[in-house]
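Next come the chains, spelled out residue by residue.
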Amino acid sequence: MQWTLVIPLKPLARAKSRLSDTAADGVRPGLALAFAQDTVAAALACTAVADVVVVTDDALAGRTLEALGARIVPDAPGSGLNAALGHGAAVVRESRPAAAVAALNADLPALRPMELSRVLNAAAEYPRAFLADAAAVGTTLLSAAPGRPLRPAFGLDSRARHRASGAAELGLADVNSVRQDVDTGEDLRAALALGVGPYTAAVSAGLLIPGS
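Residues numbered from 1 in each chain as written. Predicted model: local features only at pLDDT ≥ 70, side-chain atom pairs only at ≥ 80, totals over all residues. Heavy atoms only, no water.

(A) Quick look at the environment of Ala-201. One can find Ala-201 in helix α8 (residues 198-204). For the pair Ala-201 and Val-49, spaced 152 residues apart in the sequence, the C-alpha separation amounts to 24 Å. (Helix = DSSP H or I, 4+ residues; strand = E, 2+ residues; numbered from the N terminus.)

Listed below in structure tokens is the structure:
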């Protein structure tokens, strides 16, 4: 099964506020963009991925990620993460009603195409499925098979909310790069230990990472 990934990205100026202990105000937008660049580049290199749609109203991010090969969809609802994901999935299925769609976080700078392929291949066995994040509280990927609604419930305690919604939790081992999103300095240190992509490596060079 080939998947279309929908990746939401808030305006860069408002992104990654929880990294304030690690990156100054002037650095965080570039770091958020670098996370998204590495995420999109790895996703596009995954054999299970047909295309990538990024939902964003940030002009710089849109131009940059489009240059990597992503399709950019404006965040027409402007009502937060889940509304953006629902809108992106709806746009995809307007032209391809039978598309298999998966929501993916934009802050997976250590993402490995092979690990993402394992997750998507496992998700293909279920009508809806999700992968918990490294903290085992949130969600980094939510999938919907052809003909199934995505029904995103990202945000606080999204692992529990996606499980309660009937989505199957994927209990895969050795897919750490797909689980390791970055919200804090500790998260960034963990991602760097896994090995981040070139964009994040360049922007994070010289930062004082907590615990390092």
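(B) Representation of the side chain of Arg-128 in the model. Along the chain, Arg-128 falls in strand β5 (residues 128-132). Buried charge without a partner: Arg-128 forms no salt bridge, and the closest opposite charge is Glu-169, 12 Å away. With sequence-adjacent residues up to four places away left out, Arg-128 is seen in contact with Leu-142, Ser-143, Ala-144, Pro-149, Leu-150, Arg-151, His-162, Ser-165, Gly-166, Ala-167 and Ala-168. (Buried < 20%, exposed > 50% of the residue type's maximum accessible area, 1.4 Å probe, protein only. Lys, Arg positive; Asp, Glu negative; His and termini not counted. Salt bridge = Lys/Arg side-chain N within 4 Å of Asp/Glu carboxyl O. Contact = heavy atoms within 4.5 Å.)

(C) Broad picture of the packing of helix α1 (residues 28-44) against helix α2 (residues 59-68). Direction vectors running N to C along α1 and α2 enclose 25°, while the axes themselves pass 10 Å from each other. Relative to α2, the element α1 lies roughly parallel. Where α1 crosses over α2, the handedness of that crossing is right-handed. Within the contact between the two elements, α1 uses Leu-33, Ala-36, Gln-37, Val-40 and Leu-44 and α2 uses Leu-60, Ala-61, Thr-64, Leu-65 and Leu-68. Considered class by class, the residues forming the contact of α1 with α2 number 8 nonpolar, 2 polar and no charged. (Axes fitted to C-alpha atoms, helices over the stretch in contact; angles between N-to-C directions. Parallel < 35°, antiparallel > 145°, perpendicular 65-115°, else oblique. Left-handed = near helix turned anticlockwise from the far one by under 90°. Nonpolar A, V, L, I, M, F, W, Y, C, P; charged D, E, K, R; others polar.)

(D) Representation of the pattern of salt bridges in the model. Using the criterion set out here, one finds 4 salt bridges in the structure. Note that Glu-169 is salt-bridged to Arg-163, the shortest N-O span being 2.8 Å. For Glu-169, a relative accessible area of 29% puts it in the partly exposed group.

(E) Inspection of the sheet that holds strand β4 (residues 100-104) at higher detail. In spatial order, the strands read β3-β2-β1-β4-β6-β5-β7; together these 7 strands make up an open sheet with mixed pairing. Both edges of this open sheet fall to β3 (71-73) and β7 (168-169), since each of them pairs with a single strand only. Contacts from α1 reach β1 (3-8), β2 (49-55) and β4 within the one sheet, and its direction differs from that of β2 by about 155°. (Pairing = 2+ DSSP bridges.)

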